[in-house]
Amino acid sequence: MKVAVLAGGRSSEHDVSLRSGEAVAAGLEEAGHEALRVTISRAGEWSWDGGPVRLVPAAGLLGADAAFPALHGPFGEDGSVQGLLEWLDVPYVGSDVLASAVCMDKLTLKRLCAQAGLPQVEFAAAGEPGWRERCAAMGLPLWVKPSRLGSSVGISRVESLDDLDEAVALARRHDPRTIVEAHSAGREVECSLLGNDEVEASAPGEVVANGEWYDYETKYREGGMDLVVPAPIPEEQLERVRELATRAFQLGGCAGLARCDFFVDPDGPVLLNELNTMPGFTQTSVYAKLWQSSGLAYPDLCDQLIQLAVERHRKARSYEF
């Protein structure tokens with residue numbers, strides 16, 4: 001198939017997206033598809049093959065059979081581009097508008113998971129009534145994050161309540177919606193998900209940061225982290241991670257792919273951290289490496305995601321439920 005691979009974008013994760021997009025394009029080509037490398041500038045301008053891209057309803061997107069939006073963060077992972085692709089009537093990889101928006105907003109997703117009874121760390125929305133009292137009751141350290149951003153951008157570890165306001169101000173430079181989370185001493189364990197109505201969960205892996213914590217630099221610099229697959233936790237906890245990841249995927253209404261992150265205490269509970277509907281997608285990113293460890297090569301993974309996108313689009317348009 002002819003696949004438009006979208007990369008770049010207007011968010012602070014622009015550079016990460018460019019790396020994901022190039023890896024996806026190469027993987028699709030290795031799987032036998034034609035990849036159209038579409039770059040979206042920081043200003044939001046779309047270009048392909050040295051010229052601008054015209055987005056026209058009914059005419060689609062460069063005549064592509066499908067799109068792979070390898071975009072991270074706002075204006076790419078939050079439902080906005082998904083809405084545009086719906087408008088263009090182009091099948092696309094990943095979750096739809098609603099699921100993308102819900103999962104992008106940590107506050108909304110955590111409230112949804114809390115209502116469904118999924119175990120997770122305590123949290124509060126900065127600025128809501130009683131939030132300071134809730135933060136004090138969580139204990140220290142605390143983690144302050146932009147609610148609708150990824151790649152560990154704008155995150156602060158707070159060791160004293162006196163530093164809370166400064167951390168919130170930093171997070172609000174990226175997003176006016178800010179979340180404060182309790183600390184968990186558990187292992188950082190991640191699980192990759194693949195599918196539409198029927199979902200497969202990969203073998204969970206532990207992320208071991210070679211730094212103070214899993215910040216942006218540690219996440220993306222060479223040698224910044226190690227991935228241990230399967231995660232060195234008891235078998236029943238490995239199964240619990242896979243079960244909760246699948247439940248979160250279905251609860252969020254996700255499709256295609258997602259990566260679900262957890263905190264796991266070998267002697268305690270498995271706690272859901274977050275759900276990413278378009279995680280980093282290079283061949284060395286956690287999402288792809290977990291599938292590789294589970295026996296699915298990167299080109300085959302890219303191919304399966306395109307097939308899932310076309311299948312979901314066909315069902316949605318033909319009302320095959």
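Refer to the preceding data block for the structure.
Residues numbered from 1 in each chain as written. Predicted model: local features only at pLDDT ≥ 70, side-chain atom pairs only at ≥ 80, totals over all residues. Heavy atoms only, no water.

Chemist: Is there a simple way to think about unusual backbone geometry in this case?
Modeler: Peptide bonds are trans in most cases, and residues, glycine excluded, mostly fall at negative phi. At the junction of L140 and P141, the peptide bond is cis and its omega measures out at -5° in the coordinates. By the secondary structure assignment, P141 is in the loop between α5 (131–138) and β7 (142–146). Here the bond from V229 into P230 is cis, since omega is -5°, no more than 30 degrees from zero. Assignment of secondary structure puts P230 in the loop between β13 (225–228) and α8 (235–251). In the Ramachandran plot, D49 falls in the positive-phi region, its phi being about 55° despite a non-glycine side chain. (Helix = DSSP H or I, 4+ residues; strand = E, 2+ residues; numbered from the N terminus.)

Chemist: What is the right way to read helix α3 (residues 97–104) from this model?
Modeler: Along an α-helix, residues three or four positions apart point the same way, because every turn accommodates 3.6 residues. Considered for burial, the residues of α3 that qualify are A99, S100, V102, C103 and M104. Buried positions along α3 lie against α2 (80–88), α4 (106–116) and β15 (270–276). Two or three places before L98, at the start of α3, stands the capping residue D96, its side-chain oxygen 3.3 Å from that residue's backbone nitrogen. (Buried < 20%, exposed > 50% of the residue type's maximum accessible area, 1.4 Å probe, protein only. Contact = heavy atoms within 4.5 Å. Polar contact = N/O pair within 3.5 Å; in protein donor to acceptor, adjacent residues only side chain to side chain.)

Chemist: Would you explain the sheet that holds strand β2 (residues 34–40) in this entry?
Modeler: What links the strands of a sheet is backbone hydrogen bonding, and the strands pair in either a parallel or an antiparallel sense. Reading across the sheet, the 5 strands line up as β4-β3-β2-β1-β5 and stay open at both edges, with mixed pairing between neighbours. The two strands at the open ends of the sheet, each matched to only one other strand, are β4 (51–52) and β5 (66–69). Alignment of strand β1 (residues 2–8) against β5, held across 4 bridges, turns out to be parallel. Following the sheet pairing, L6 is matched in β5 by P69. Running over the sheet, α2 touches β1, β3 (46–48) and β5 and is turned about 175° from β5. (Pairing = 2+ DSSP bridges. Axes fitted to C-alpha atoms, helices over the stretch in contact; angles between N-to-C directions.)

Chemist: When you look at the pairing of β2 in this model, what are you seeing that I'm missing?
Modeler: The side chains of a regular strand alternate between both faces of the sheet. Bridge analysis of β1 against β2 gives 7 bridges, and the strand direction is parallel. Looking across to β2, one finds that K2 is bridged to E34. Of the crossover connections in this fold, the one passing from β1 over helix α1 (residues 14–30) to the parallel β2 is right-handed. Bridge count for β2 against β3 is 3 bridges, and the pairing is antiparallel. Looking at the pairing, I40 lines up with W46 of β3. (Right-handed = clockwise from strand over helix to strand, strands pointing away.)

Nothing here speaks to function; it is all geometry.
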